[in-house]
Amino acid sequence: MRVGLVCPYDWEVPGGVREHISGLAEALIELGHEVSVIAPADDDAELPYYVVPAGRAVPVPYNGSVARLAFGFLSAGRVRRWLKDGDFDVLHVHEPAAPSLSLLACWVADGPIVATMHAAMPRSRALHAAQPILASALEKISGRIAVAEAARSTLVEHLGGDAVLIPNGLHVRRYEKAEPLPGFPGRGGTLGFLGRMDEPRKGLDILLEAFPLLAAERPELRLLIAGASGDADDVLPKVPAQYRDRIVILGRVSDADRIRMLHSVDVFCAPNTGGESFGYVLVEAMAAGAPIVASELDAFRQVLRGGQAGELFPTGDAAALAAATAKLLDDPAHRASLSAAASVAVREFDWSVVARDVVRVYQAVAPATGRVAVSL
Amino acid sequence: MTPMTSIIVIALVACVGVYISWRAGRLDRLHARLEAARFALDAALVRRSSVALELASSGLLDPATSVLLAGAAHDARSAQSAREMPESDLTRALRAVFSQPDFRTLLAGREGAEELLGELESASHQVFLARKFYNDAVAATLAARRRWLAVMFRLAGRAPAPEFFEIDDSLAPAGEAGPGADLPHLTS
């Protein structure tokens, strides 16, 4: 099949949706399909061969934080041209309610359109305000996919209609083996955190509150932070001075170092406080075989099989996070069994499995509605 | 005490009394000016978000821009306390929308576009001005309240101390005109 994928967020900034789209694109190509992705990106940016740039993304306040999006008539024109050149059997847009390329693609295209919902959006009133605008573009979608139950209920509650649940995928093989970073995990134990340091919902502050509780009794315990954004100078002052030299901040890391980082920790912490629809970092940590402590968000609970593949603690509770982490640090056998359970549970998230499910959705909508055409 | 001294003392007390009540009256006038400025600012903000919402649902824009604008305008209008953040976000959203290349050119000639854009621009100017005047009134009131006479005789009564309203309302795209510009323009 000829498949056109639309990414609403800046291709040059790492993020869950972008990872999802590149993983899906590569898995589809491996299955023998022809794939083109359009995404906000500079025209001279270095991109994979299957990505077409739609022009530079603009940072705008959206859904409680700043998102880098592409909107406006010029972007719509780029999408239209891409659709004409692509002559796709199916158009697959991601996060179509986000004010960016996906919504524009629904606007200008006709024919078999599949959409994947990623985020849970509790801010329903703002969505409600935009509903009439969204409705006419979104009603063209003939097959809807949600990556998690939370994303699916957002859709059901706010936009109407239902969706098939197909989880996010990843290339498990790439994560299984990696050399730990030099000097890690070390004898005294290492905790790990992966995510944006300046995004409160990622919960780094809760981990920074829990760390001194653990570090006080464990003189060699360290905390390894790989943050896509944020400033180390904002992070360290949140921890008492005597523990600061035990916090190692890597900043933004390459994909390879990201995997090495996951192999460098004794316990991986995911203290997120909300807004996570799926928990990609968790699945990454599972694929790398890291023992996990995560907040008990619905999405996390589901990925970790209700606690079988990782410990859960009450969301936002630093003391509970410290207690759960301490339990794991003191019990290597329990760590090993969690890690083994995670390695099994993560197989259902491998792209080879997930992409086949997505193709079934394509096949369900494509023959009924013909090819993708440009409507405006 | 001679009658002469009594007269002088009574006159002095009367003078002081008149002076204090004059100061109290001045503070009262400042509070009244502050209230008026607050109403003006509130009206300007509400008008701006309403016009932004109107533009978003006018069908003139592409759906992505519309959704962006509708979300920001809605958040600004529905914020009860802590208004500064969503209002600043609305400014940023407007700035991002209006600084799209050829934005005006692409909309030119569409029915109602000129009027709506003009109205939004004027509403944004109103926010800029109303906020400036409100913050002026706050500064004047705070200064008057801090004088020893006002403090000692509690001339401000139970009126709560006013707070500055700090938002990003500069509408020039970053780098093109500094925040010093008195009348910001959405686009050149």
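To be clear, the structure that these remarks concern was listed above.
No experiment lies behind these values; they were computed from the predicted model shown. (Residues numbered from 1 in each chain as written. Chains lettered and ligands numbered in written order. Predicted model: local features only at pLDDT ≥ 70, side-chain atom pairs only at ≥ 80, totals over all residues.)

J.: Even after reading the chapter, I still don't get the sheet that holds strand E10 (residues 164-165) of chain A, so can you show me in this structure?
T.: Adjacent strands of a sheet pair through backbone hydrogen bonds, lying either parallel or antiparallel. Residue and element names in this part refer to chain A. Sheet architecture is open: seven strands sit in the order E3-E2-E1-E6-E8-E9-E10, paired in parallel fashion. Since the sheet does not close on itself, it has two edges, and those belong to strand E3 (51-53) and E10, each with one partner. Examined bridge by bridge, strand E2 (residues 34-39) and E3 share three bridges and lie parallel to one another. Along E3, the bridge assignment pairs alanine 39 with proline 53. Packed on one face of the sheet, helix H3 (residues 101-108) meets strand E1 (2-6), E2, strand E6 (90-94) and strand E8 (113-117) and runs near 145° to E6. (Pairing = 2+ DSSP bridges. Helix = DSSP H or I, 4+ residues; strand = E, 2+ residues; numbered from the N terminus. Contact = placed C-beta atoms within 7 Å. Axes fitted to C-alpha atoms, helices over the stretch in contact; angles between N-to-C directions.)

J.: Help me understand the interface of chain B and chain A in this model?
T.: Where interface size is quoted, it is often the accessible area lost as the parts come together. On the chain A side, the residues contacting the 22 residues of chain B number 22 residues. Of all elements in the fold, only helix H2 (63-78) and helix H3 (84-98) of chain B reach the threshold of two or more residues within the side of chain B that touches chain A. For the side of chain B that touches chain A, the element with the highest residue contribution is H2(B), accounting for twelve residues. Residues of the side of chain B that touches chain A, tallied by class, amount to eleven nonpolar, seven polar and four charged. (Nonpolar A, V, L, I, M, F, W, Y, C, P; charged D, E, K, R; others polar.)

J.: Looking at this structure, I do not really get the pairing of E8(A). What am I missing?
T.: The side chains of a regular strand alternate, first on one face of the sheet and then on the other. All names here are of chain A. Counting buried residues along E8, five of its five residues qualify, which places the element largely inside the surrounding structure. Burial of E8 is two-sided: the residues Ile113, Ala115 and Met117 facing one way and the residues Val114 and Thr116 facing the other way are all buried. The sheet contact formed by E6 and E8 spans four bridges and is parallel. When the sheet's bridge partners are listed, histidine 92 is paired in E8 with valine 114. Bridge count between E8 and strand E9 (residues 143-146): four bridges; the pairing is parallel. Pairing of threonine 116 across the sheet is with isoleucine 145, part of E9. (Buried ≥ 20, exposed ≤ 12 C-beta atoms within 10 Å, placed from the backbone.)

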